[in-house]
Amino acid sequence: MQSNLLHTLVSGPIGVFDSGFGGLTILREMRKILPQYDYMFLGDNARAPYGSHSFDVVYDYTRQCVEYLFSKGCPLVILACNTASAKALRTIQMNDLPEWNKDKRVLGIIRPTAEHVSEYTRTGHVGLFATTGTVTSQSYPIELSKINQSIEVASVACPMWVPLVENGEYDNEGADYFVRKKVEELLSMDSRIDSVILGCTHYPLLLDKIKKYLPKSVQIISQGEIVAQSLKDYLERHTDLEAFLTRNGGCEFLTTESEEKFKHAAQVFLSNSEISAKKVVI
């Protein structure tokens, strides 16, 4: 990146990154709980979805997008994408941040979610719906084992769920087949599951159908509110970083795809709110 802001800590917005549109569900909850801050959302929609890509490709793409947000003055970037959090976060934190600026921060959404799972499960048997990349990474079982080694995780990859959402089919009857199939697959793996993590930010839009096929006794763990509350707690503990966040209540939307395509799709995730978007080159 050419901008000196990449290496300089200046006041700026909270950067929120996702490979597609699902991270808007995280952003929406952040703005509810922390409305005073400015936000800059970047969707790498031209290269989405990330879920089927290798670790190296996801890392390269994510690194480029984080670097871009830093170059635009963001002191803090949230990877509002489970695949990026699973495949790129740790390497960026360990290898890239020291080179860019040790005072800036990149945070993911898997760890905050894992920290709250114990509040939902009584049996210690938890299910996970996620993309192929997140399931393959084993990030959720790894993070959960660090917190509570007694929790057992049964994971199911749902490669059709993101296309259903992004093509506006999530509320149609055709989606029922794909949701029911994966719910049945998960329940067949472990009859003691009493809580299910929605490990992809697109999946809240399928919530009604997931509830339809899951037993009523099974609790659903959705990430938006958990991640937003975790961010609030984090900023209260890290006042040195919080002091560099601008507070005008604004939000800028950036995309690597068509501006009109982004605006049309984003309305689905933001309850039909009118937004403007700007196309950028990473």
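Since the model is a prediction, treat every value here as computed from it, not as a measurement.

1. Remarks on helix α7 (residues 139-147)
(1) Moving on: Every buried residue of α7 is accounted for by S139, Y140, E143 and L144. Buried positions in α7, seen along its axis, are confined to an arc of 120° and lie on one side of it.

2. As for the layout of surface pockets
By rolling a water-sized probe across the atoms, one finds the places where empty space is left.
(1) Moving on: Roughly 670 Å³ of internal volume is contained in the largest pocket.
(2) Moving on: Along the wall of the largest pocket there are 30 residues; nearest its centre are L89, G108, R111, P112 and E143.
(3) Moving on: Listed by contribution, the elements that provide at least two residues to the lining of the largest pocket are α3 (82-87), α4 (89-100), α5 (110-116), α7 and α11 (223-237).
(4) Moving on: Among the residues making up the lining of the largest pocket, the classes are represented as 14 nonpolar, eight polar and eight charged.
(5) Moving on: Empty space within the second largest pocket amounts to approximately 250 Å³.
(6) Moving on: Lining of the second largest pocket is provided by 21 residues; of these, P49, Y50, G51, T131 and V162 occupy positions nearest its centre.
(7) Moving on: By residue number, the principal contributor to the lining of the second largest pocket is helix α8 (residues 161-166), which donates three residues.
(8) Moving on: A per-class count over the lining of the second largest pocket returns nine nonpolar, ten polar and two charged.

3. A few points about the side chain of T62
(1) Moving on: Mapping T62 onto the fold places it in helix α2 (residues 55-71).
(2) Moving on: For T62, a relative accessible area of 0% corresponds to the buried category.
(3) Moving on: Every residue in contact with T62, bar those within four places of it in the chain, is listed here: F17, Y50, L79, A84, A88 and I92.

4. Some points on the pattern of salt bridges
(1) Moving on: Counted under the stated rule, the structure contains 16 salt bridges.
(2) Moving on: In this structure, R111 and E143 form a salt bridge, with 2.9 Å as the shortest nitrogen-oxygen distance. Pair noted here: R111 is in helix α5 and E143 is in helix α7, with a separation of 32 residues, a long-range link.
(3) Moving on: The partly exposed category is assigned to R111, whose relative accessible area is 36%.
(4) Moving on: Beyond isolated ion pairs, a larger network of salt bridges with shared partners links R111, E115, E143 and K146.

5. Description of the sheet that holds strand β2 (residues 39-43)
(1) Moving on: Taking strand neighbours across the sheet as the criterion, the six strands line up as β4-β3-β1-β2-β9-β10 in an open arrangement whose pairing is parallel. Among the strands making up the open sheet, the edge pair consists of β4 (105-107) and β10 (277-279). When the angles between neighbouring strand axes are averaged without regard to direction, this sheet yields 20°.
(2) Moving on: Relative to strand β9 (residues 251-255), β2 runs parallel, the two being bridged by five bridges. Bridged to L42 within β9 is L254.
(3) Moving on: In this fold α11 packs onto β1 (14-18), β3 (76-79) and β4, with an angle of close to 155° to the strand it touches most, β3.

6. A look at the packing of α2 against α4
Helix packing for two helices is described by the angle between their axes and how far apart those axes are.
(1) Moving on: As a packed pair, α2 and α4 sit with axes 12 Å apart at the nearest point and diverge in direction by 40°. Here the hand of the crossing between α2 and α4 comes out right-handed. Taking contact as the criterion, the partners of Y59, T62, R63, V66, E67 and F70 in α2 are, on α4, T91, I92, D96, L97, E99 and W100.
(2) Moving on: Taken together, the residues of the contact of α2 with α4 sort by class into six nonpolar, two polar and four charged.

7. Details of the pairing of strand β7 (residues 195-199)
(1) Moving on: Counting buried residues in β7 gives five out of five residues, a clear majority hidden from the surface.
(2) Moving on: Sheet analysis places strand β5 (residues 125-130) next to β7, joined by five bridges and oriented parallel. By the bridge assignment for β7, L128 is matched with I197.
(3) Moving on: Sheet topology places β7 next to strand β8 (residues 219-221); three bridges connect them, and they run parallel. Counterpart to S195 in the pairing with β8 is Q219.
(4) Moving on: After leaving β7, the chain enters helix α10 (residues 207-213) and then returns to the sheet as β8, a path that is right-handed.

8. A closer look at the packing of aromatic side chains
The relation between two aromatic rings is expressed through the spacing of the ring centres and the mutual angle of the planes.
(1) Moving on: By the definition in use, this model includes eleven aromatic pairs.
(2) Moving on: Measuring from centroid to centroid gives 5.6 Å for Y50 and Y61, while their planes differ by 50°, and the two rings are tilted. With Y50 in the loop between β2 and α2 and Y61 in helix α2, this residue pair connects regions lying eleven residues apart in the sequence.
(3) Moving on: In this structure Y61 comes out as partly exposed when scored by relative accessible area, which is 21%.
(4) Moving on: Here the aromatic rings of F253 and F262 are separated by 6.3 Å at their centres, their planes lie at 45°, and the arrangement is tilted.
(5) Moving on: Among the residues examined, F253 registers a relative accessible area of 6% and is labelled buried.
(6) Moving on: Cluster of aromatic residues (ring-pair linked, three or more members): F21, F41, F253, F262 and F269.
(7) Moving on: Sitting over the face of the ring of Y61, R47 holds its NZ or CZ atom 3.9 Å from the ring centroid.
(8) Moving on: Positioned above the aromatic ring of F55 is the side chain of K87, whose terminal nitrogen or guanidinium carbon lies 5.0 Å from the ring centre.

Quick notes on the rules
- Residues numbered from 1 in each chain as written.
- Predicted model: local features only at pLDDT ≥ 70, side-chain atom pairs only at ≥ 80, totals over all residues.
- Heavy atoms only, no water.
- Buried < 20%, exposed > 50% of the residue type's maximum accessible area, 1.4 Å probe, protein only.
- Helix = DSSP H or I, 4+ residues; strand = E, 2+ residues; numbered from the N terminus.
- Arc of directions from axis to C-beta.
- 1 Å grid on protein atoms, 1.4 Å probe; cavity = no way out; pocket = protein on both sides within 12 Å on 5 of 7 lines; lining within 4 Å.
- Points joined across faces, edges and corners; volume = space filled by probe spheres on them.
- Nonpolar A, V, L, I, M, F, W, Y, C, P; charged D, E, K, R; others polar.
- Contact = heavy atoms within 4.5 Å.
- Salt bridge = Lys/Arg side-chain N within 4 Å of Asp/Glu carboxyl O.
- Pairing = 2+ DSSP bridges.
- Axes fitted to C-alpha atoms, helices over the stretch in contact; angles between N-to-C directions.
- Left-handed = near helix turned anticlockwise from the far one by under 90°.
- Right-handed = clockwise from strand over helix to strand, strands pointing away.
- Phe/Tyr/Trp six-rings, centres within 6.5 Å; stacked < 30°, edge-to-face > 60°.
- Lys NZ or Arg CZ within 6 Å of the ring centre and 35° of its normal.

Take it as geometry only, folks, not as evidence of what the structure does.
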